Amino acid sequence: MSEETKTDEPPAIETTTVKVDGREIDVPKLTADWQGNLVPTTVLQACEHAGIEIPHYCYHPKLPVAGNCRMCLVHVGMPGRPGPDGKSPMNEDGTLKIDPMVLPYERSTPKGVIGCATNLVPGMEIYASSPETKEMREAVLESLLINHPLDCTICDQAGECKLQEYSVEHGQAESQFAEHKVHKPKAVDLGPRIMLDAERCVLCTRCIRFSKDIAEDDALGIVNRGSYNTIATFLDTPFDNNYTLNTVDICPVGALTSKDFRFQMRVWFLKETNSLCTGCGTGCNTVIGSRENTMYRYEPRENDAVNGPWMCDSGRLNYKWIGSEDRLSEIKGASGWATAITKISSKLEKAPSGSVAIIGGARQTNEELYLLKKLANKLEAITDSSPRMGEGDHLLSCPDKNPNSTGSRLIGIAGEELGSQLKHIASGIEAGTIKTLIVFGDDVTKTGISEALLDKLDLLVVSDILPNATTAKAHYLLPGCAHAEKRGTFTNTKGRVQKFMKALEAPGDARPEWEFLHELVENTTGQNGFSTIEGLFNQMAGEVEAFKVKELTWAKLGDTGVTIEL
Amino acid sequence: MPQEHKLLLKYADAPDYSKDLDCYERHGGYQALRQALGMKASTGADGNEVTAQAQLRKSVLDSGLRGRGGAGFSCGLKWSFVRHPNPKPVYLICNADESEPGTFKDKQVIYKDPHQLIEGMIIACWANHVNLAYIYIRGEFTEGAKILNTALAEARAKGYLGKDILGSGHDLEIHIHRGAGAYICGEETGLIESLEGKRAYPRIKPPYFPAALGLYMCPTIVNNVETLCNVKHIVEMGAEAFAKLGTPNNTGTRLVSLSGDVKQPGYFEIETGKVTLGELINDPNFGGGLRNGNQLQAIIPGGSSSKVLRAGETFKVGEEEMDLLDVPYDFDTLMKIGTMSGSGAIIVIDDSRDIIECLANLAEFYAHESCGQCTPCREGSLWMNKALHRLTHGEGRAEDPEYLKHIAHNIQGRTICAFGEACAWPVLSFVDKFKDKFEEKVSA
């Protein structure tokens, strides 16, 4: 990895010239396939380079090519077969003779090729917007719609449906269909999280290919024949792996819907906010869909450096707590933020050196952990984060269930092994040398610091989002924000520093931790730091060695983050 | 008087002929295999060595043998698409999934002379460096599968199969695989998927040409039963003599399945192109004419998917004006008159039949057999079937002929496999040639 990242100039990309709608463009000869292997560029990809979208249902850049929907049929011109001299037929002016493709048995009829599986051929001309191509698309779309229930009014996919979109762009207003529609199973319970409406399905097999080739769970298939084809699981085996909800994302129509989201909200009302999944150390990029301060769904946001276009089901459904009734929304120990911060500051100022311990949960952001570290430096406090380990898998789920263990290590809250200081903190409290404990986002009673030990403290300052045994013991309880309610960055297990944006307002008194930590640090250390997240990040990036090497700035992180060396 | 020319069916129906190995050997069986295995490498014009196998492949190419499954593609050319030596194993599959409606020719060989097929296969496997081959047999041929298995066991016991066949150093095993009753399994890539244990969804070509990425993604040759039998005869007769049978570019014999409204339906073996459609239907040596004094209405000349021909049609073939019944039964002339000889199945329809009912029946078959993988065929085949049955149930509309053509036109040439053509062509041709009958149907 280091070799690659150090190379400034990417290797030269070999290109070839292709004519799209009469315009010559240069396109790379090779393009990455679904597994990342370089293979010859296809007609569909060449058109993408030309800025022309070839409509498609079954093709997905991260899945094996199936070629079944025929929506990407394009009329093309090809050089003629080489003659006995091995040369292709030429025009009089010496250029390669290009013949628009026709049916071999009916030479008056143009023949299309599927853009997704047809490689570029030197000299090829792509008639991406020709009447012939348009006619082929209209015909495929008409076929797809004849047996479709046209129930957009109650369909969850409405607003983000490729049948709708392509109908607008490439369809006809009327169908000639004069027969009875095929009826297929509706509201089929495919698994604990997925519902199938077989009548809406266009049988593109994206879900089948995803399950088999990405999730490695060959759970879905097709039963029956012809127009009666239906997606199904084997007998009554439920479709239940930790990635099933991705099939809802890639389903181009409303056939597969999420039980969690169906009938909850029309998608066009949703505000979309770039965010991150906090379920584990992978840091899958997400989009939060919210309306009127309520979150309705997570969707994966494509980032090839992290999660590709996928995310796991447990991560995706891990958002209900954000809007939970239980949320900590009141300050305990003081009548308002100003008083609380002043009181805590004055107590900390008086704390003898070495008598303070700080546990900064690895669910806090880089910026928050950085501010806690500043506090720790001033107070000469012992610090740590609690480890939260679980099971990982072959795809995205990481055994480290903290979203920011790496950040905690790099910033110096935790050592190489998370939690290695916890027993020293526990024995310090036991021995009475540690009198003050500051806990952010961690229930320490679960990681070796019992409630009895917490009772021995002179001062317990806790910030968290939901109540737990530690918050119950707090002398000062500072309600914090869910990531969806603030901005900040996490560093994933592979060293990807990524930022997330604010989608929702926090409940009651709750404030972004970095905001009040900034005040606490200013009061305690006398140093006035940055009061914006951008400034704070840039300040941290200038001080934390791993970030400094990459000259990170908030702006530089972009939407998909930057990988630093670990 | 036109005659049959029996090459493949020389012995099959003889009263004293049985399907066991002894009988086959008494009739000269497995001599062609010995002959092939005895071939020696030679030196080519360029001074390079030409292996015995390459010579045999060249011989099959020179014989002009065209595939008997339906497409009529040059067998030698098909074989030449496999590169030798190949880093992967090369497979050969005998397509015995005879399912094109009207076709019952391969069955004759399988049931009556199984060793002829096996000998042809062993030679073809040797010539193409194949050590493992399969016979994919139509599920309904339960008895055929048993017969072939018995024959394979006999051949194995005699050293025609297995390790070091007849001391040649060539190893070969052949397995029988029974289909489960889907027409699409006759499409070679659908067949390969099915053989791999999957749903018989034909593969997209490119990239999955069997010669490069066939069975288990290895180079694979898929040949029809009749085609493989012919390989034995090419070895026996020599390419030149074989090429003299039939007519130029339409060499050898063809097994013709004749069905429908003729007095003597059945199978016949003819020299390709030496017998006309009219003779096949009317000659006492063949169909013997129509029944009950009925008149000819239509001919489906090459299995149910070939385009229909209407009685009384005339065609211009080259400079020649030709009546339908004078059309020689071969590959090229039928293509020139806008249809095909396909699997060699001629379906005769007399004037007592409702032609729309006939088409509706075909459409029902195709709607039932469409695998449903790709959109135009999946949706279009059932759509046409519904429209045609609406017509036959008295609910026809004046616009239906054009409506049907619109649907069929949007299928042909736009699908993954040739099933698109197979279901579109009957509709396109029936509508074109029997427009008056559609009009009658609508007004009735």
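Scroll up to find the structure this text is about.
The numbers attached to residues start from 1 for each chain and follow its sequence in the written order. All chains are assigned letters beginning with A, and all ligands numbers beginning with 1, in the order in which they are written. pLDDT decides what is reported in this predicted model: residues at 70 or higher carry local features, side-chain atom pairs at 80 or more are listed and counted, and totals for whole chains, interfaces and linings draw on all residues regardless.

1. Re the interface of chain A and chain B
Counting residues at the interface gives 27 residues for chain A and 28 residues for chain B. Secondary structure elements are defined from DSSP: runs of H or I of at least 4 residues count as helices, runs of E of at least 2 residues count as strands, and each element is numbered from the N terminus. For the side of chain A that touches chain B, the leading source of residues is helix 3 (residues 131-146) of chain A, giving six residues. Here the term charged refers only to Asp, Glu, Lys and Arg, the term nonpolar to Ala, Val, Leu, Ile, Met, Phe, Trp, Tyr, Cys and Pro, and the term polar to all other amino acids, Gly among them. Here the side of chain A that touches chain B is composed, by residue class, of 12 nonpolar, 11 polar and four charged. Once C-beta atoms are placed from the backbone, any two residues with those atoms within 7 Å are in contact.

2. Brief notes about the sheet that holds strand 5 (residues 173-178) of chain B
Residues and elements named next belong to chain B. By this definition, two strands are paired if DSSP reports at least two bridges between them. Strand order in the open sheet formed by four strands is 5-4-3-6, and the pairing between neighbours is parallel. Either end of the sheet is taken by a strand with one partner, and the two such strands are strand 5 and strand 6 (220-224). Within this sheet the neighbouring strands show an average axis-to-axis angle of 20°, counted without direction. Two elements, strand 3 (residues 90-96) and strand 6, share five bridges in a ladder whose sense is parallel. If you follow Cys94 over to strand 6, its bridge partner there is Asn223. Each of strand 3, strand 4 (130-137), strand 5 and strand 6 touches helix 6 (residues 114-127); the most contacted strand, strand 3, lies at about 155° to it. Throughout, an axis means a line fitted to C-alpha atoms (over the contacting stretch in the case of helices), and angles, computed between N-to-C directions, take values from 0 to 180 degrees. Contacts between helix 7 (residues 142-157) and the sheet are confined to strand 4 and strand 5, with strand 5 contributing the most and set at about 170° to the helix.

3. Thoughts on helix 14 (residues 513-525) of chain A
All names here are of chain A. Between its terminal C-alpha atoms helix 14 stretches 17 Å, which fits the 18 Å expected from 13 residues at 1.5 Å a residue. Exposure classification rests on a simple neighbour count of other C-beta atoms within 10 Å of a residue's own: a residue reaching 20 or more is buried, one at 12 or fewer is exposed, and one in between is partly exposed. C-beta atoms are placed from the backbone. When you tally the buried positions in helix 14, you get 10 out of 13 residues, the bulk of the element. Buried within helix 14 are the following residues: Glu513, Trp514, Glu515, Phe516, Leu517, His518, Glu519, Leu520, Val521 and Thr524. Backbone geometry just downstream of helix 14 places Gly526 in the positive-phi region, at approximately 80°. One less than the residue count of a helix, multiplied by 1.5 Å, gives the span that helix is expected to have.

4. Some details on the environment of A:Lys181
When you line up the elements, A:Lys181 lands in the loop between helix 4 (162-170) and strand 11 (188-189). Distance in space between the C-alpha atoms of A:Lys181 and A:Cys280 is 46 Å, their sequence separation being 99 residues.

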